[in-house]
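Single-letter residue listing:
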Amino acid sequence: MPGRQLLTVRAAVAGASLLAVAACASGAPAAQYVDKPAVAQTCEELYAQAPAQVAGQQRRAITDDRALAWGDDAIMMHCGVQKPEGLNRASRCDFVAGVGWFTHKDDDYYTFTTIGRKAYVSVVVPSSYSPAADILVDIAPTVQKNDPVVRPCV
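Computed from a predicted model, the values in this text were never measured in an experiment.

## Looking at the side chain of His78
Here comes step 1: If you trace the backbone, His78 turns up in strand β4 (residues 75-81).
Here comes step 2: A polar side-chain atom of His78 sits 2.8 Å from a polar atom in the side chain of Tyr33.
Here comes step 3: With residues near it in sequence (within four places) discarded, His78 still touches Ala31, Tyr33, Tyr47, Asp64, Arg66, Ala67, Tyr120, Val121, Ser122 and Val124.

Now the structure itself:
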């Protein structure tokens, strides 16, 4: 019996590892979420009112119930994520459509994360969309309406 339990544990670990690899296979940054009831409610309201189209791309079904996606080269929005690494009081705040955003760029993606709101909302935009920040114009009204400012970035 102990051998069987060890085999079950190894299978579970291997399965979890495969899932992690599959999630990262697209190259998109993986979202790390915060579990707080107030943030969850804010995100539910934001997701319920999110636009059907972003940058001319239709919303599409995905398996992550804590995110939304638009287009084949998916634009991803994650609500209730952790504070991004590198975001501090001295960080640059880019205003797009009335919302302050922290911007991180790597080779394949831009990640824009709201600053100073109840919940951090990140929008991951593949570099194939240019200019990437234009996508925020479609998303910002929903953020403004559903994710209140706690401390404005200036």
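## Considerations on the environment of Gly71
Here comes step 1: Positionally, Gly71 belongs in the loop between β3 (67-70) and β4.
Here comes step 2: Placed 11 residues apart in sequence, Gly71 and Arg60 show a C-alpha to C-alpha distance of 6.8 Å.
Here comes step 3: When sequence neighbours within four positions are dropped, the list of residues in contact with Gly71 reads Gln57, Gln58, Arg60 and Tyr129.

## Considering the packing of helix α2 (residues 37-48) against helix α3 (residues 135-146)
Here comes step 1: Look at α2 against α3: their axes get within 9 Å of each other, and the N-to-C directions meet at 140°. Taken together, α2 and α3 sit at an angle that is classed as oblique. Crossing geometry of α2 relative to α3 is assigned as right-handed. Between α2 and α3, the contacting residues are Thr42, Glu45 and Leu46 on the first element and Thr142, Val143 and Asn146 on the second.
Here comes step 2: Residue composition of the contact of α2 with α3, grouped by class: 2 nonpolar, 3 polar and 1 charged.

## As for unusual backbone geometry
Here comes step 1: A cis amide bond links Ser130 with the next residue in sequence, Pro131, at an omega value of -10°.
Here comes step 2: Inspection of the secondary structure assignment puts Pro131 in the loop between β8 (120-126) and α3.
Here comes step 3: The phi torsion at Ala55 lies on the positive side, around 55°, for a residue other than glycine.
Here comes step 4: Checked against the element boundaries, Ala55 lands in the loop between β1 (53-54) and β2 (57-60).
Here comes step 5: Here Ala97, not a glycine, exhibits a phi torsion of approximately 55°, which is positive.
Here comes step 6: Turning to its location among the elements, Ala97 is positioned in the loop between β5 (94-96) and β6 (99-105).

What counts, and at which threshold
- Along each chain, numbering runs from 1 in the same order as the chain's sequence is written.
- Selection of residues for local features in this predicted model requires a pLDDT of at least 70, selection of side-chain atom pairs for listing and counting requires 80 or more, and totals for whole chains, interfaces and linings are taken over all residues.
- The basis for every side-chain value is the complete set of heavy atoms in the structure, and neither hydrogens nor water enter the calculation.
- Counting from the N terminus, the helices are the DSSP runs of H or I reaching at least four residues and the strands are the DSSP runs of E reaching at least two.
- Under this definition, polar contacts are N or O atom pairs within 3.5 Å; protein pairs additionally need one hydrogen-donor-capable and one acceptor-capable atom, and for neighbouring residues in sequence, both atoms have to be side-chain atoms.
- Whether two residues are in contact is decided by their heavy atoms: any pair within 4.5 Å suffices.
- Here an axis means a line fitted to C-alpha atoms, over the contact stretch when the element is a helix, while the angle between two N-to-C directions is reported on a 0 to 180 degree scale.
- For classification purposes, an angle smaller than 35 degrees is called roughly parallel, one larger than 145 roughly antiparallel, one from 65 to 115 roughly perpendicular, and anything else oblique.
- Take the far helix as the reference: if the near one is turned anticlockwise from it by less than a right angle, the crossing is left-handed, and if turned clockwise, right-handed.
- Residues are grouped as follows: Ala, Val, Leu, Ile, Met, Phe, Trp, Tyr, Cys and Pro are nonpolar; Asp, Glu, Lys and Arg are charged; all remaining types, including Gly, are polar.

Honestly, it's all geometry; don't read function into it.
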